[in-house]
Amino acid sequence: MERMIEKANILIEALPYIRKFYGKSIVIKYGGHAMVDEALKSSFAEDIILLKYVGINVVVVHGGGPQIGEMLKKLGIDSKFVSGMRVTDKETMNIVEMVLAGSVNKEIVKLINKHGGKAIGLSGKDGNLIKAKKLLITKQDDFVKTSEIIDIGHVGTVESVNINVLKSMMENFIPVIAPIGVDDNFETYNINADLVAASVAKFLKAEKLILLTDVPGVLDKNKNLISSIKTSQIESLKKDETLTGGMIPKIDACADAVFGGVNKAHIIDGRIKHSVLLEIFTDSGIGTQVVAG
Ligand SMILES: Nc1ncnc2c1ncn2[C@@H]1O[C@H](COP(=O)(O)OP(=O)(O)O)[C@@H](O)[C@H]1O
Ligand SMILES: CC(=O)N[C@@H](CCC(=O)OP(=O)(O)O)C(=O)O
């Protein structure tokens, strides 16, 4: 009996959070280890379905960088990155779209449906969901004081997200979105998934953005977790090189969401079972939260 009451107590602990987030939207970027480990895949699907059944409007945006890399390797094509973005010529774009909107997207839809949810797979092309524009990267040379614009092909940023299409899908389904966009001329673009998740959260006026990754969150130089970051601290963390590599687009995505009106953005460890529930339904949460200030 004691154990049963303990179970009830654990359920009741979630009540204030269920009340807080009932009817609100939460956008989750799914990627990294949580997307390949079988036990973690199941726990992720269960978390997402539970959120939906307690009345939280959950949207999943997925990555797939490693899966694209594998496919390109099989085809004998090298992966090249500039500022964390994959250089994407026309041939690479076709492969990126095949992997993201094809196999990865459908695998996640199947995963959620297999666990009893109702997921629907979308790419930015479906219903013109994600309007993109071409990304041009500016490379500064502070020494000789020049700047050069680098064209990395079919790589985009998000201009807008068609909220009407998304909301109509959210009424009955859990949308699972592949990070592909189209411009006014229906050119296809490959977009960093963290940036897509942030834009979806912003346009949806979501309560939270959660980015799953393979580290405990943002770490300081002594490898200790920084549990909370204010947007005003980000520049100095970049300058002193606490934040490098893949963490830069992630923190930029969090800042973009928070500046765009999303209450909190979180970078959490997808290697922890039920990491999404632990973040949403506990006081302390896990990982790093990014807040305005
Ligand atoms: N301060 C930091 N704290 C944690 N990770 C960092 C930090 N700076 C750079 N990183 C790097 O960022 C990586 C996460 O980015 P990325 O590999 O792009 O993640 P994902 O594939 O999950 O989108 C970490 O594995 C780590 O190598
Ligand atoms: C422009 C760009 O780099 N796009 C990414 C899209 C997938 C992605 O972002 O996947 P992860 O979150 O798993 O890294 C790419 O081609 O790898």
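Because the structure is a prediction, the values reported are computed rather than measured.

Moving on, we come to the UniProt feature "site: Transition state stabilizer" (unreviewed entry) in the protein. The positions UniProt marks with the feature "site: Transition state stabilizer" (unreviewed entry) are Lys29 and Lys250. Spatial clustering of the annotated residues is evident: they stretch over 222 residues in sequence, but the largest pairwise C-alpha distance comes to 10.3 Å. The class for lysine 29 is buried, based on a relative accessible area of 8%. With respect to the helices and strands, the residue lysine 250 is situated in helix α9 (residues 247-259). Taking the relative accessible area as the measure of exposure, lysine 250 reaches 8% and is therefore buried.

So, about α9. For α9, which comprises 13 residues, the first-to-last C-alpha distance of 18 Å matches the rise-based estimate of 18 Å (1.5 Å per residue) to within 8%. Listed as buried for α9 are Met247, Pro249, Lys250, Ile251, Ala253, Cys254, Ala255, Ala257 and Val258. Glycine 261 sits one or two residues past α9 and shows a positive phi near 105°.

Glancing now at the site of ligand 1. In the vicinity of ligand 1, 13 residues are found, and the nearest of them are Thr213, Leu219, Thr242, Thr244 and Lys250. Between a nitrogen atom of ligand 1 and a main-chain N or O atom of threonine 244, the distance comes to 3.2 Å. Starting from 580 Å² of accessible surface for ligand 1 in isolation, the protein chains cover 67%. Elements with a minimum of two residues in the shell around ligand 1: β11 (208-213) and α9. Looking at the shell around ligand 1 residue by residue, the classes come out as six nonpolar, five polar and two charged.

Now for the nonpolar core. Residues Val27, Leu166, Val200 and Leu209 are the most contacted members of the largest nonpolar core, which totals 50 residues. If sequence neighbours within four positions are ignored, valine 27 has contacts with Val59, Val61, Ala197, Val200, Ala201, Leu204, Ala206, Lys208, Leu209 and Ile210. Counting 43 residues, the second largest nonpolar core, distinct from the first, contains Ala45, Val176, Ile180 and Ile210.

A few words now on the pairing of strand β2 (residues 57-62). Counting buried positions over the six residues of β2 gives five, a clear majority of the element. As paired strands, strand β1 (residues 25-30) and β2 are joined by six bridges and run parallel to one another. Within the sheet, the bridge partner assigned to valine 27 lies in β2 and is valine 59. Regarding topology, helix α3 (residues 38-53) serves as the crossover connection from β1 to the parallel β2, and that connection is right-handed. Sheet topology places β2 next to strand β8 (residues 174-178); two bridges connect them, and they run parallel. Of the residues in β8, the one forming a bridge with valine 60 is valine 176.

Thresholds, definitions, all that
- Sequence order as written defines the numbering, with residues in each chain counted from 1.
- Key to labels: chains lettered from A, ligands numbered from 1, both in the order written.
- In view of the model being predicted, local features appear only for residues whose pLDDT reaches at least 70, and side-chain atom pairs are presented and counted only at 80 or more, with totals across whole chains, interfaces and linings using the full set of residues.
- As a rule here, side-chain values come from all non-hydrogen atoms in the structure, and water together with hydrogens is ignored.
- UniProt positions are given in the numbering used here, feature names are shortened, and annotations may be inferred rather than shown by experiment.
- Only protein chains enter the calculation, and the probe is 1.4 Å; a residue is then buried if its accessible area is under 20% of its type maximum, exposed if over 50%, and partly exposed in between.
- Per the convention used, a helix needs a DSSP run of H or I reaching at least four residues, while a strand needs a run of E reaching at least two, with both numbered from the N terminus.
- By this rule the span expected of a helix is its residue count minus one, scaled by 1.5 Å.
- We call a residue near a molecule or strand when any one of its heavy atoms sits within 4 Å of it.
- Under this definition, polar contacts are N or O atom pairs within 3.5 Å; protein pairs additionally need one hydrogen-donor-capable and one acceptor-capable atom, and for neighbouring residues in sequence, both atoms have to be side-chain atoms.
- We get accessible surface area from the Shrake-Rupley algorithm with a probe of 1.4 Å; when it comes to residues, only the shown protein chains can shield them.
- Under this grouping Gly is polar, as are all residues other than the nonpolar Ala, Val, Leu, Ile, Met, Phe, Trp, Tyr, Cys and Pro and the charged Asp, Glu, Lys and Arg.
- As used here, the term nonpolar core means buried Ala, Val, Leu, Ile, Met, Phe, Trp, Tyr and Cys residues forming a set that is joined through side-chain atoms within 4.5 Å.
- The contact criterion used throughout is that any non-hydrogen atoms of two residues lie within 4.5 Å.
- Think of it this way: DSSP has to see at least two bridges between two strands before they count as a pair.
- A crossover counts as right-handed when, viewed with the strands pointing away from the observer, the path leading from the first strand over the helix to the second turns clockwise.

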